[in-house]
Amino acid sequence: MINLRFHIVSIVAIFLALAIGMFAGSTLLDRATVEVLKGRQKSLDTRNADLRSENDRLRTALESQVPADEAFGTQVLPELLPDTIGERPVLLIAVRGIDEDVVRALQTSIRDAGGAPLGIVWLDARVDLDQPETADQVATALGIDAAKDKVKAAVVGELAQGLIAAASPVEDDSADSADPDLTTTTIEPSTPDPALDVLSRLVDADLLDWESPNEGEPGSRTLPTGGLDVVLLSGEGAELRPNQIVVPLVRALAARLTGVIVGEVRNPRTALEVIDQDGVPARGTFVDPLRDDDDLSGRLITVDDVDEPFGRLAVVLALGELPGLSTGSYGIAESASQPFPTPSG
C-alpha cells in the first residue's frame, strides 16, 4: 500500500532532478556552448582581419595603377599612333549626354594617328525620331514627305544614304596615270551627290550641332565624295535611347557597309570608383545588344571602352585596318573577344 511518505519522497525526487537539470543546463552545458561560440567568433574575426588586409593591398595596387593609366593615355598613346590611319577623313557621330571630353580625346587620337577628322556631329533630343513633332521637323528640314508611321524610317534612310555616299570607295587612278603608254583623258568632275549635304541641312535647321575639329575655327560641314570612315558613339548618360536614332542608323549603314565602327562611352572612373560607386553601368550595356544581333553579325566593329586609353587605341587601330577589317568585338566587357585589333603590319 502506497502511503503519504512515498508520495512526498517521489515529489521531492522529481523537483530535485529538475533542479539538477536546470543547474547543469545553465552552467556546465552553457559554458561548453559559449566556448564553441567564442571559438567560432575568433575564427571569424581572424578571417575578417585577413580580408581587410587583402582589401587594403588591392586598393593600394589599384591606386598605384591610376598614374600609369593616365601616363599611358597622355604620354604613350600619342607615340604609338603616328601613321596608323593615313589621311583618310573620319567623322564622329555622338549623342549628347555622354562624356564630351572622351569624344574629343578620341578625335585628338585620330588626328595623332594621321587621320583627317571632320569634327563631331552631336545628336540630341532635337532629333528624337520617336516624338512625332520632332520627327516631322527633321523630315521637313530634309524635304521628306512621308506618312507619319514612315517618317522615322525615311529620315534614317536619308541620313544613311548621305553617309554611305560619303563612305563609298575612292578609285585610285595613280597606277594608270603613271603609265606613259596610256592616253591621257580629261575627266570632268561629277556633280556632287545631294545626299552629301544631309547633315548640313540639319545643322542649318538647328536640329543638330557639327563641332569643328579645330577649336575656335568654323568647320567645313561638308562630307567628302568618298573614302569617309564613320564612328558612332553613345553610352552612359546619353540623351537619346539607342533605338531613337542611333541603332536604326547603325542598322541602315551596316546593311550597305561592312566595318561600321560603334563605340561605347562610360563616364571616366578609376577602378576604385567603379567598385565604390553605386549604379555604375556594366561594360557593354550599349554595344552588347548589337553584338548579339544576328542581322548585324560580321558587319560591325564594336569597342566597349572608348573612355579608356586602350579603348581609343582600339578605335584607331580598327580605323587603320579598314577596309580589310569588317568585324570585331573589342574592349574589356565579357562579350569582347580581345582588347583591340591585331595590327596587320
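Residues numbered from 1 in each chain as written. Predicted model: local features only at pLDDT ≥ 70, side-chain atom pairs only at ≥ 80, totals over all residues. Heavy atoms only, no water.

1. What to know about the nonpolar core
Judged by nonpolar contacts, the single largest core of 49 residues is most densely connected at Leu-91, Leu-123, Val-155, Leu-163, Leu-199 and Leu-223. Those elements that place two or more of their residues in this core are β1 (89-95), β2 (116-123), α4 (132-141), α5 (151-167), α7 (198-204), β4 (229-235), α8 (246-254) and β5 (260-265). For Leu-163, the contacting residues outside a window of four places in its chain are Leu-91, Ile-93, Leu-199, Leu-223, Leu-228, Val-230, Leu-249 and Leu-253. Grouped together as the second largest cluster of nonpolar side chains are 27 residues, Ile-110, Val-265, Val-303 and Val-306 included. (Core = buried A, V, L, I, M, F, W, Y, C linked by side-chain atoms within 4.5 Å. Buried < 20%, exposed > 50% of the residue type's maximum accessible area, 1.4 Å probe, protein only. Helix = DSSP H or I, 4+ residues; strand = E, 2+ residues; numbered from the N terminus. Contact = heavy atoms within 4.5 Å.)

2. A short note on the layout of surface pockets
Estimated volume of the second largest pocket: approximately 420 Å³. Surrounding the second largest pocket, 17 residues form its lining, Ala-167, Leu-228, Asp-229, Thr-258 and Pro-323 being those nearest its centre. (1 Å grid on protein atoms, 1.4 Å probe; cavity = no way out; pocket = protein on both sides within 12 Å on 5 of 7 lines; lining within 4 Å. Points joined across faces, edges and corners; volume = space filled by probe spheres on them.)

3. Comments concerning helix α3 (residues 100-112)
For α3, built from 13 residues, the straight-helix expectation of 18 Å at 1.5 Å per residue is met to within 8% by its first-to-last C-alpha distance of 18 Å. Of all the positions in α3, only Val-102, Val-103, Leu-106, Gln-107, Ser-109 and Ile-110 are classed as buried. Each buried residue of α3 sits inside an arc of 160 degrees when the element is viewed along its axis, so together they form one side. Between the side-chain oxygen at the start of α3 and the backbone nitrogen of Asp-101 there is a gap of 3.1 Å, and the oxygen is on Asp-99. Looking one or two residues past α3, Gly-114 carries a phi angle of roughly 95 degrees, positive in sign. (Expected span 1.5 Å × (residues − 1). Arc of directions from axis to C-beta. Polar contact = N/O pair within 3.5 Å; in protein donor to acceptor, adjacent residues only side chain to side chain.)

4. As for the packing of aromatic side chains
Counting across every chain of the model gives one aromatic pair. For the pair Phe-310 and Phe-340, a centre-to-centre distance of 6.0 Å together with 15 degrees between the ring planes defines the contact as stacked. With Phe-310 in helix α11 (residues 309-321) and Phe-340 in the segment after β7 (328-330), the pair connects residues that are 30 residues apart, well separated along the chain. Look at Phe-340 and you get partly exposed, because its relative accessible area is 27%. (Phe/Tyr/Trp six-rings, centres within 6.5 Å; stacked < 30°, edge-to-face > 60°.)

5. Examining the sheet that holds β4
Strand order across the open sheet formed by seven strands is β3-β2-β1-β4-β5-β6-β7, with mixed pairing between neighbours. Of all strands in the sheet, those with a lone pairing partner are β3 (209-211) and β7, marking the two edges. Going across the sheet, the axis of each strand differs from the next one's by a mean of 20 degrees, ignoring polarity. One ladder, built from three bridges, connects strand β6 (residues 300-303) with β7; its direction is parallel. In the sheet register, Val-303 faces β7, and the bridge partner there is Tyr-330. In this fold α3 packs onto β1, β2, β3, β4 and β5, with an angle of close to 160 degrees to the strand it touches most, β2. (Pairing = 2+ DSSP bridges. Axes fitted to C-alpha atoms, helices over the stretch in contact; angles between N-to-C directions.)

6. Observations regarding the pairing of β1
Extensive coverage of β1 is indicated by the burial of seven of its seven residues. Covered by surrounding structure in β1 are Pro-89, Leu-91, Ile-93 and Val-95 together with Val-90, Leu-92 and Ala-94, the residues of both alternating faces. The parallel pair β1 and β2 is bridged by α3, and the resulting crossover is right-handed. Bridging between β1 and β4 involves five bridges; their strand directions are parallel. Bridging from a neighbouring strand, Leu-92 pairs with Val-231 of β4. (Right-handed = clockwise from strand over helix to strand, strands pointing away.)

7. What to know about the pairing of β6
Within a regular beta strand, the side chains point alternately toward one face of the sheet and then the other, so they alternate between its two faces. Burial along β6 is two-sided: the residues Leu-300 and Thr-302 and Ile-301 and Val-303 are all buried. Here four bridges tie β5 to β6, and the two strands are oriented parallel to one another. Counted as the bridge partner of Ile-261 is Ile-301 from β6. In this fold, the crossover linking β6 to β7 by way of α11 has left-handed handedness.

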